[in-house]
Amino acid sequence: MTDRPHGLIREVAELVHTLQQQEYVEVDAVLADLTVSALGAMPGAQYAGITLASRDGTVHSPSATGRYPALLDEIQQRHEQGPCLSAAWEQHLIRIEDMNSEKRWPYYCKHALLETPIRSVISFQLFADHNDMGALNFYADKPRAFDNEAAEMGYILASHTAVAWSMLRRDEQFRSALASRDIIGQAKGMIMERFKIDAVQAFELLKRLSQSSNTPLAAVAHQLVEFEQPKK
């Protein structure tokens, strides 16, 4: 490998290190930086993207270079098949040598050939749990663009990206929990003031509203706070 890919691997590692030091991060910006840096380090790649999917069939592209990674994810969702989904759910690495001769995902390949110039794909699992999964993907316009050296490089890049993604998810979950706590506190305060009850009784009332409407507690609190805000 040349010094250029090694330098870009260091760049990805530094992004992860910076992420670890920050109290607050902008998720979209970090993913965009990671994707661009990974693309620069991957031999033969012209495009890169991250695919997220859920068990309900939803496929999302939170970060991509160019329009084709997102379009290919849309094709995967449309036909419920494709290399990125297989890499994320089933295997750690999936490679398409030539879209024209690939037999594993016939509908995906047919529409990828019709709607994009992409001929080679290599995908790496980032994470997979009971509900969601993620993959880091690289694409090229020519067949057989990704050799064994590219596969080795991809594993390194995917491992760095997986660490970053794990930290981003934890940070997002933490911020969501804080926001939920704040909105529930506001709703409790409003109920206490209006009905002259204490905090325990106000929380019990919120819980009953949540259970009776089959709505998450934070969502009920948000609705109450919005309803009570002065209308402009």
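See the structure shown above.
The rules we used
- Here the residue numbering is sequential within each chain, running from 1 through the sequence in written order.
- In keeping with the model being predicted, local features are shown solely for residues with a pLDDT of at least 70 and side-chain atom pairs are shown and tallied solely at 80 or more, while totals for entire chains, interfaces and linings include all residues.
- Computation of side-chain values covers all heavy atoms of the structure but excludes hydrogens and water.
- Counting from the N terminus, the helices are DSSP H or I runs at least four residues long and the strands are E runs at least two residues long.
- When accessible area is computed with a 1.4 Å probe and restricted to protein chains, residues below 20% of their type maximum are described as buried, those above 50% as exposed, and intermediate ones as partly exposed.
- The contact rule is simple, with two residues in contact once any of their heavy atoms fall within 4.5 Å.
- Residue burial considers only the protein chains on display, and all accessible areas are found by Shrake-Rupley using a 1.4 Å probe.
- Only Phe, Tyr and Trp rings are paired, with Trp represented by its six-membered ring, and only when their centres lie within 6.5 Å; those with planes under 30 degrees apart are stacked, over 60 edge-to-face, the remainder tilted.
- The span one expects for a helix is its residue count, reduced by one, times 1.5 Å.
- Each polar contact in these results corresponds to two N or O atoms within 3.5 Å; when the atoms are within protein, one needs to be able to donate a hydrogen and the other to accept it, and residues that are neighboring in sequence are counted only if both atoms are side-chain atoms.
- Salt bridge criterion: a side-chain nitrogen from Lys or Arg within 4 Å of a carboxyl oxygen from Asp or Glu.
- The set of buried Ala, Val, Leu, Ile, Met, Phe, Trp, Tyr and Cys residues whose side-chain atoms join them within 4.5 Å is what this entry labels a nonpolar core.

Caption draft 1: Here's a closer look at the overall build of the protein. Of the regular secondary structure elements, the protein holds eight helices and five strands. Traced from its N-terminal end to its C-terminal end, the protein shows the element sequence α-α-β-β-α-α-β-α-β-β-α-α-α. For the protein, with 232 residues in total, the buried portion stands at 43%. Within the protein, residue pairs in contact and separated by at least 24 positions form 61% of the contacts whose partners lie at least 6 positions apart. Put simply, the protein shows about 12,900 Å² of open surface, and 51% of that area lies on carbon and sulfur atoms.

Caption draft 2: Up close: the environment of E97. Tracing the chain through its elements places E97 in the loop between β3 (93–96) and α5 (106–115). For the pair formed by E97 and V121, sequence separation is 24 residues and the distance between their alpha carbons is 7.0 Å. Leaving out residues up to four positions away in the same chain, E97 has contacts with R119, S120, P143, R144 and F146.

Caption draft 3: Broad picture of the packing of aromatic side chains. This structure, assessed with the given rule, holds three aromatic pairs. Seen from their ring centres, Y47 and Y68 are 5.4 Å apart, and the 85 degrees between their planes marks the pair as edge-to-face. Highlighted residues: Y47 in strand β1 (residues 47–54) and Y68 in helix α3 (residues 68–79), separated in sequence by 21 residues. A single burial state applies to Y47 and to Y68, both of which are buried. Aromatic pair F124 and Y155: ring centres 5.4 Å apart, planes at 70 degrees, arrangement edge-to-face. Of this pair, F124 sits in strand β4 (residues 120–128) while Y155 sits in helix α6 (residues 148–195), and the two are 31 residues apart along the sequence. Y155 gets classed as partly exposed once you look at its relative accessible area, which sits at 43%. Counting every residue linked through ring pairs, the aromatic cluster contains F124, F138 and Y155.

Caption draft 4: Representation of helix α7 (residues 199–213). In this model, α7 (15 residues) spans 21 Å end to end at C-alpha, consistent with the 21 Å of a helix rising 1.5 Å per residue. Of the residues that open α7, the one with a side-chain oxygen 2.8 Å from the backbone nitrogen of Q201 is D198. A positive backbone phi angle near 55 degrees is found at N214, which sits one or two residues after α7.

Caption draft 5: Looking closely at the pattern of salt bridges. Summed over the entire model, instances satisfying the criterion amount to six salt bridges. A salt bridge links R78 to E115; its shortest N-O distance comes to 2.9 Å. Of this pair, R78 sits in helix α3 while E115 sits in helix α5, placing them 37 residues apart in sequence. Under the relative-accessibility criterion, R78 is labelled partly exposed at 36%. Close ionic contact of E97 with R95 constitutes a salt bridge, the shortest N to O distance being 3.9 Å. Exposure remark for E97: the relative accessible area of 37% places this residue in the partly exposed category. Several salt bridges share partner residues, and in doing so they unite E74, R78 and E115 into one network.

Caption draft 6: Highlighting the nonpolar core. Grouped together as the largest cluster of nonpolar side chains are 25 residues, with contacts concentrated most on M42, I122, F124, L136, F138, F146 and L157. Contributions of two or more residues to this core are made by α2 (27–41), β1, β4, β5 (132–140) and α6. The dominant element in this core, judged by the number of residues it contributes, is α6, at six residues. Beyond its immediate sequence surroundings of up to four residues, I122 is in contact with M42, L93, I94, R95, L136, N137, F138, F146 and A151. One finds Y47, L72, C84 and Y139 within the second-largest nonpolar core, a separate group that totals 17 residues.

Caption draft 7: Quick look at the side chain of R119. By the element assignment, R119 lies in the loop between α5 and β4. In this structure the side chain of R119 is engaged in a polar contact, spanning 3.3 Å, whose partner is the backbone oxygen of T116. Non-local contacts of R119, meaning those with residues more than four positions away in its chain, are made with I96, E97, D98, M99, N100, L113, A140, D141, K142 and P143.

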